[in-house]
Amino acid sequence: MHIVTISEMKELETRADKEYGLTSEILMSNAGRSAAELFEANLLPTHKLKGLKVLFLIGPGNNGGDGLVMASHLEKEGALISLYYWKEHKLVVQGTRRPDEVVDETLAEQIQRADYIIDALLGTGRSRPLPDDMRALLARVKDERARRADLRLVAIDLPTGLNADTGEVDPGSIAMDTTITLACPKQGFFFFPGRDYIGDLEVGDIGLPAALESQLQTDMLTGQQVHKLLPERPLNSNKGTFGKVMLLCGSLPYPGSAYLAGSSAARVGAGLITLAVTEKMLSFYASSFHEATFTILPEENAESYERAKALIDKLEGYKALLIGPGLGQSSNTREVILQVLEHLRSLPDETRPHLVIDADGLNNLSALERWWTLLPKDTVITPHPGEMGRLCKGVKVSGGNIERLELARTKAREWQVNLLLKGSCTILVDPEGRTRINWWGNPALATAGTGDVLAGMISGFLAQGVQPFDAASAAVYLHTAAADLVNQNMHIGRAGLLASDLLPNIPISLVDTAHAKM
Ligand SMILES: NC(=O)C1=CN([C@@H]2O[C@H](COP(=O)(O)OP(=O)(O)OC[C@H]3O[C@@H](n4cnc5c(N)ncnc54)[C@H](OP(=O)(O)O)[C@@H]3O)[C@@H](O)[C@H]2O)[C@@H](O)CC1
Ligand SMILES: Nc1ncnc2c1ncn2[C@@H]1O[C@H](COP(=O)(O)OP(=O)(O)O)[C@@H](O)[C@H]1O
Ligand SMILES: [K+]
């Protein structure tokens, strides 16, 4: 599913008219109908449409037009519709226009009795700060929502006042329970503060021909897309079919990282997991990770070439190598990494394990000038904002604002890597600038060890032959899907998840992609 900027959306609409005769009126009629259909199908688990009290706030442009079409569809199905025309200060209640002098009072009544209030004030055409009377109207709605938890707020296309490119919001904007966006999700939905205003996201089909969207470079990760990326699992198979993963992870202060990453690689289906660890660490893993195999490395104070050689000697036949989670930072470890990278660069493409570098793998590298020139082709790197800042030599990287998108795009091209910039809406960019953004997930993931799980999942997909950018994409989506499953199954909210809770939910998240709604 493509993500658009405002100018891309306008261009799509212009071309739809010019090349396919899809006029603005036709698109608006499709938009209103599809918003009504999604509303009825997905937003009404308990209510019936018949007798449902729905108040539409209608703006002066096409967003208001969408609202009017949607309202007429819902009215035909038996909903009790009121329309408030903001510009005209006109209220029409179930087909009866009320006298203007009592509008304020009757509007208050309508707000108080509504089951749903639909924001069809402004969409992508918002061109300046919201006027005071529009802010005041939205503030009344917000107060009523705070007073009455069963009132539901739904935006058409986008919440009024949200900047659909950047995610900035007007001080008058209010958070929605659901946004039914039209044709494509807008770029600003994925960045803060906008992300907090969207609520659940529904995407309505307005009948744009798919060919029009072929130029768009940015996608939202969806379950249906990820389902197509998952590796085949033929009946006629054995563990050799699904690839081996080697992990250079974990050290005395951070032993759990190798367990979490290795288990996650197995949970997405890799055939065999090998942890490259020192003898000192072996007893820890042997008792906690029964399924792993081991490559024994010299202790950390041994010469770096001995440590690197012990790993390199065992790498043949491995399809994926993960370097970094819990590895620790030292000049000796940095040397080991450099020697392993040199070895990988010397291998032909067909026999070179795919490389993922995370966490301390990145921290060790970031101390070097032009570290990216040392990477083999098609490496996946997975920094969180702190690590990204170090890789960019001290640049401050935001956790969720729009600037991170441009940064990720610039750096993936400059570094020629598959860059996965973590955060609450993780961004993935491939070396050519193709971009995917993750909408899903919840703040329960903001706990130590979840990044190790993600890195392990990527390497597990790589071992099964999934291409690097797709492996990273599938892992990001499924990681958040697994977190949502933990929340549902353990009945927890936004806190209290352990990274290890994700593990048994990963295979379920794979299966669930087959029935994903989008
Ligand atoms: N075009 C298409 O083919 C399709 C479009 N679609 C739908 O249309 C939406 C875009 O429609 P749009 O361009 O008419 O913009 P919209 O958001 O309704 O606002 C413009 C109006 O608001 C006014 N206005 C602006 N800023 C304001 C402010 N701060 N405060 C107050 N007023 C302000 C502005 O007035 P003006 O600036 O001229 O004074 C103008 O009257 C899009 O989000 C989607 O819902 C879909 O149906 C699919 C097909
Ligand atoms: N608020 C949030 N919403 C969704 N996902 C989140 C949120 N906070 C963190 N995450 C995800 O959790 C993971 C944390 O990774 P990371 O910071 O590397 O943790 P660690 O190194 O401790 O394992 C990333 O995949 C990130 O995208
Ligand atoms: K709107």
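Above this text you will find the structure in question.
Along each chain, numbering runs from 1 in the same order as the chain's sequence is written. The lettering of chains begins at A and the numbering of ligands begins at 1, in the order of writing. Only residues with pLDDT of at least 70 get local features here, since the model is predicted, and only at 80 or more are side-chain atom pairs given and counted; chain-wide, interface and lining totals rely on the full set of residues.

## Quick word on the sheet that holds strand β13 (residues 320-323)
Two strands form a pair only when DSSP identifies at least two bridges running between them. Note on conventions: DSSP H or I runs of at least 4 residues are helices, E runs of at least 2 residues are strands, and numbering of each starts at the N terminus. Pairing is mixed in the open sheet, where 10 strands are placed in the order β9-β18-β17-β16-β15-β14-β13-β10-β11-β12. The open sheet has two edge strands with one neighbour each: β9 (218-220) and β12 (293-297). Lying on the sheet, helix α8 (residues 256-267) is in contact with β10 (244-248), β11 (272-278) and β13; it crosses β11 at an angle near 165°. Remark: residues whose backbone-derived C-beta atoms lie within 7 Å of one another are considered to be in contact. Helix axes are fitted only over the stretch in contact, all axes being lines through C-alpha atoms; the angle between N-to-C directions runs from 0 to 180 degrees. Taken strand by strand, helix α15 (residues 450-463) contacts β10, β13, β14 (354-357) and β15 (380-381), and its axis lies near 165° from that of β13.

## Details of the site of ligand 2
Any residue qualifies as near a molecule or strand once its backbone-derived C-beta atom lies within 6 Å of it. What surrounds ligand 2 is a group of 18 residues, the closest being S424, G441, L445, A446 and G451. Sorting elements by how many residues they give to the shell around ligand 2 places α15 first, with 4 residues. Residue classes follow a fixed rule: Ala, Val, Leu, Ile, Met, Phe, Trp, Tyr, Cys and Pro count as nonpolar, while Asp, Glu, Lys and Arg count as charged, and any other residue, Gly among them, counts as polar. Class assignment for the residues of the shell around ligand 2 results in 6 nonpolar, 10 polar and 2 charged.

## Regarding helix α11 (residues 331-346)
A helix's residues, less one, multiplied by 1.5 Å, set its expected span. A rise of 1.5 Å per residue sets the reference length of α11, with its 16 residues, at 22 Å; its end C-alpha atoms lie 23 Å apart and thus fit the reference within 8%. At its buried positions, α11 is contacted by α10 (304-312), β13, β14 and α12 (359-366).

## Overview of the site of ligand 1
In the vicinity of ligand 1, 25 residues are found, and the nearest of them are G61, N62, N63, G123 and G125. Those elements giving two or more residues to the shell around ligand 1 turn out to be α2 (24-42) and α3 (62-76). Along the lines of polarity and charge, the residues of the shell around ligand 1 split into 10 nonpolar, 10 polar and 5 charged.

## What about the sheet that holds strand β7 (residues 178-182)?
Overall, mixed pairing links the 8 strands, which are arranged β4-β3-β2-β1-β5-β6-β7-β8 in an open sheet. Two strands lie at the open edges of the sheet, namely β4 (96-97) and β8 (200-204), each paired on one side alone. Bridge analysis of strand β5 (residues 116-120) against strand β6 (residues 152-156) gives 4 bridges, and the strand direction is parallel. Bridged to I118 within β6 is V154. Lying over the sheet, α2 contacts β6, β7 and β8, oriented at roughly 135° with respect to β8.

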